[in-house]
Amino acid sequence: MADVVDRAAVETDAYIADCIRQQRKPIEPPDEDQYGRYCLGCGCKINLLRLVKVPNAVRCVPCETLGETKEHGRRG
Ligand SMILES: [Zn+2]
């Protein structure tokens, strides 16, 4: 009996620790070289105009749009 409870508690702790670790994890540095910055999603070069508008952008417009769509879910 105690084993099951202990195990559940350990698993929950591990899960919470995992969440905390993920939140604390520093944002992945953008991949860039002298030619520009590359999207973390697809690896293509991020549009310069986008970097002017969003200096800390780490994804290209299509990837950002896809991510937003996924986060918000589909309607209907
Ligand atoms: Zn991309």
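Our structure's up above, just so we're on the same page.
Since the structure is predicted, the reported quantities are computational estimates derived from the model, not experimental observations. (Residues numbered from 1 in each chain as written. Predicted model: local features only at pLDDT ≥ 70, side-chain atom pairs only at ≥ 80, totals over all residues. Heavy atoms only, no water.)

Caption draft 1: Representation of the coordination of the zinc ion. At this site the zinc ion is bound by C39 (SG), C42 (SG), C60 (SG) and C63 (SG), with donor distances of 2.2 to 2.4 Å. If you look at the zinc ion, its 4 donor atoms make angles of 101 to 114° with each other, and the shape they trace is tetrahedral. In primary sequence terms, the donor set of the zinc ion follows C-x2-C-x17-C-x2-C. Residue C39 is classed as buried on the basis of its relative accessible area, which comes to 5%. (Donors = N, O, S within 2.8 Å, 3.2 Å for Na, K, Ca; no water. Tetrahedral: all angles 85-135°; square planar, octahedral: opposite > 155°, others 65-115°. Buried < 20%, exposed > 50% of the residue type's maximum accessible area, 1.4 Å probe, protein only.)

Caption draft 2: Structural view of the side chain of R50. With respect to the helices, strands and loops of the structure, R50 is situated in helix α2 (residues 48–53). On the accessibility criterion, R50 (14% relative accessible area) is buried. Residues within four places of R50 in sequence aside, it is in contact with A57, R59, C60, V61 and E64. (Helix = DSSP H or I, 4+ residues; strand = E, 2+ residues; numbered from the N terminus. Contact = heavy atoms within 4.5 Å.)

Function cannot be inferred from these measures alone, as they are strictly geometric.
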